[in-house]
Amino acid sequence: MSLSQKSRAQALLRQVRAAAGQPPDLGPVLAALQRPTALVGIKSMAGLTYAEGLRHKLPGAALVLDDELPEAEYFGLRRVTTAQFEHMARQMPLTVVDFSESMFVQGYVRRVCARVNAEYVPFVQAMGALDLHAVYQTTHVMRAETLARLDDFIALGDKLADDASRVTLYGLLLLRLTYDRSALRYGISEDGDEYFATRSVSRTFQLGDDEYFIDCGASTGPVLQKFLGATDWQFRAYHGFEPDPKNFARLNAFGALELPNVHFHNAAVADKPGNLRFVGGADYSCRLDPNGNIEVPAVALDDVVPEASFIKMDIEGAEVAALHGARGLISRHRPRLAITVYHYAHDLLNIFDAIAGMGVSYRYRLAHYRQYYLDTVLYATAGDDWE
């Protein structure tokens, strides 16, 4: 029988409380990783994000297991087919680390492993066993910092607007505490809903034809493209902020569209204007960092844009400062907010507190879009979006 979202949230919360007092037993995973190991799903988003880094930490030899990829090697590892892997597994003990994000593929790989008595390890468990970086903190640091403020996280659940958000929150907490990605089975939202929707049914936001949209962390323009499609190119203004020179060059190429109400800013968004150190040239992980390799200009939104109907932020852990720099804008115009909250363990708590301290009667939803530590977004509205 299928559980209601309320019952599922309550069950997950009980599991979170139990996991808080019982560290996960990583011994069997570490033992499995001593064997020659095949990596599956290296071209999934999870694989592209984590597989190469994990491959260098594996104590044993490694392979890539895939029936369709054309190259004979990846990351310097030999690619084998399922038939070749099964033959090898009958000769020696093998392990599979699975980066795939398809439930079908995960089930298929488990069946292959069971057939030849190979060990099956979901990649999040492998990351936990090897203490690899979840985002900018290692999995063990993420777990310890989550435990340190677990009561605050649980209390936040009562401030969210729906049970689906609580399922997401408690699933994320359980993932951090146990390194078990199945905790998120019922807490993952559709990619098409991230930040705002492109269809009529959504847990996030529908855009109108009079939007004044602020895109912080505009990167190379993926949200701009989605925004133009979702509004059918009918809107009041779009402002995109991107400090990385390489990304900004690609973003600025959209100027060829000759849209007078689209504005690009080659700057970081912060609590005050100035110049800040920045890690540049790293595609989607460009970020403000005191040890960064370049210096970039920074602006406060209050100083740059006169109004806003919607503010989106994905700026790699710098969201709290950017929100402080938009305090006047948010207080005056009460825009809808879509703010990423996953880069550091306490981001969700700190960003929620920053928004709640602005004196706007916001309601909040939480959504998550992957079977691992990325991507979590906190949504806030002072309007009737979710009526």
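Residues numbered from 1 in each chain as written. Predicted model: local features only at pLDDT ≥ 70, side-chain atom pairs only at ≥ 80, totals over all residues. Heavy atoms only, no water.

### Concerning the overall build of the chain
Next up, step 1: Counting secondary structure elements, the chain contains 15 helices and 17 strands.
Next up, step 2: Referenced to the eigenvectors of the C-alpha coordinate spread, the extents of the chain come out at roughly 70 × 45 × 40 Å.
Next up, step 3: Going through the 387 residues of the chain one by one, you find that 56% of them count as buried.
Next up, step 4: Taken as a whole, the chain presents about 17,000 Å² of accessible surface, with 49% of it coming from carbon and sulfur.
Next up, step 5: Averaging the locations of the 38 positively and 47 negatively charged side chains of the chain gives two centres separated by 6 Å. (Helix = DSSP H or I, 4+ residues; strand = E, 2+ residues; numbered from the N terminus. Buried < 20%, exposed > 50% of the residue type's maximum accessible area, 1.4 Å probe, protein only. Areas by Shrake-Rupley, 256 points an atom, 1.4 Å probe, with all protein chains shown as cover. Lys, Arg positive; Asp, Glu negative; His and termini not counted. Charge placed at Lys NZ, Arg CZ, Asp CG, Glu CD.)

### Regarding empty space enclosed by the protein
Next up, step 1: Enumeration according to the criterion identifies one cavity of 30 Å³ or more in this entry.
Next up, step 2: Roughly 120 Å³ of internal volume is contained in the largest cavity.
Next up, step 3: For the largest cavity, the lining is made up of 13 residues, of which Leu 172, Arg 176, Val 341, Tyr 342 and Thr 376 are closest to its centre.
Next up, step 4: No other element matches helix H9 (residues 163–178), which puts five residues into the lining of the largest cavity.
Next up, step 5: For the lining of the largest cavity, the per-class residue count stands at eleven nonpolar, one polar and one charged. (1 Å grid on protein atoms, 1.4 Å probe; cavity = no way out; pocket = protein on both sides within 12 Å on 5 of 7 lines; lining within 4 Å. Points joined across faces, edges and corners; volume = space filled by probe spheres on them. Nonpolar A, V, L, I, M, F, W, Y, C, P; charged D, E, K, R; others polar.)

### Examining the pairing of strand S11 (residues 274–279)
Next up, step 1: Summarising the sheet, S11 and strand S13 (residues 294–299) pair through five bridges and their orientation is antiparallel. Residue Leu 276 lies in a different strand from S13, and its bridge partner there is Val 296. (Pairing = 2+ DSSP bridges.)

### Some points on the sheet that holds strand S8 (residues 237–241)
Next up, step 1: One open sheet holds the seven strands; their spatial order is S9-S8-S7-S14-S15-S17-S16, and the pairing between them is mixed. Looking at which strands have only one partner, the edges of the open sheet turn out to be strand S9 (262–265) and strand S16 (363–368). Averaged over all pairs of adjacent strands, the angle between strand axes in this sheet comes to 10°, irrespective of strand direction.
Next up, step 2: Bridging between strand S15 (residues 336–340) and strand S17 (residues 376–381) involves four bridges; their strand directions are antiparallel. Bridge pairing links Ala 338 to Tyr 379 in S17.
Next up, step 3: Across the face of the sheet, helix H10 (residues 222–230) comes into contact with strand S7 (212–216), S8, S9 and strand S14 (310–313) while running at roughly 160° to S7. (Axes fitted to C-alpha atoms, helices over the stretch in contact; angles between N-to-C directions. Contact = heavy atoms within 4.5 Å.)

### Some thoughts on the sheet that holds strand S5 (residues 95–98)
Next up, step 1: The six strands are arranged S3-S4-S2-S1-S5-S6 in an open sheet whose pairing can be described as mixed. In this open sheet, the two edge strands, each paired with only one partner strand, are strand S3 (73–74) and strand S6 (119–122).
Next up, step 2: Across four bridges, strand S1 (residues 37–40) lies against S5 in parallel orientation. Counterpart to Leu 39 in the pairing with S5 is Val 97.
Next up, step 3: Its contacts with the sheet place helix H5 (residues 103–116) against S1, S5 and S6, and it is angled at close to 155° to S6.

### A short note on helix H11 (residues 245–252)
Next up, step 1: Taken residue by residue, H11 has Asn 247, Phe 248 and Leu 251 as its buried positions. Mapping the buried residues of H11 onto a view down its axis gives an arc of 100°, with all of them on the same face.
Next up, step 2: Tucked into the core, H11 has its buried residues touching S9.
Next up, step 3: You can read the cap of H11 off the contacts: a side-chain oxygen lies 3.2 Å from the backbone nitrogen of Lys 246, and it is on Asp 244. (Arc of directions from axis to C-beta. Polar contact = N/O pair within 3.5 Å; in protein donor to acceptor, adjacent residues only side chain to side chain.)

### Digging into the environment of Thr 139
Next up, step 1: Secondary-structure assignment places Thr 139 in helix H7 (residues 139–148).
Next up, step 2: In sequence terms Thr 139 and Asp 191 are 52 residues apart; their C-alpha atoms lie 24 Å from each other.
Next up, step 3: In contact with Thr 139, other than residues within four places in its own chain, are Met 127, Gly 128, Asp 131, Leu 132, Ala 134, Tyr 179 and Tyr 373.
Next up, step 4: At 3.3 Å, the side chain of Thr 139 and the backbone oxygen of Met 127 are in polar contact.
Next up, step 5: Within the structure, the side chain of Thr 139 is placed 3.4 Å from the side chain of Asp 131, a separation counted as a polar contact.

### Some thoughts on the packing of helix H8 (residues 150–157) against helix H15 (residues 347–356)
A pair of packed helices is captured by two measures, namely the crossing angle of their axes and the spacing between those axes.
Next up, step 1: Close contact between H8 and H15 brings their axes to 10 Å; oriented N to C, the two are set at 55°. As judged from the angle between their axes, H8 and H15 are oblique. Both H8 and H15 take part in a crossing whose hand is left-handed. Two secondary-structure elements touch here, H8 through Asp 152, Phe 153 and Leu 156 and H15 through Leu 348, Leu 349 and Phe 352. (Parallel < 35°, antiparallel > 145°, perpendicular 65-115°, else oblique. Left-handed = near helix turned anticlockwise from the far one by under 90°.)

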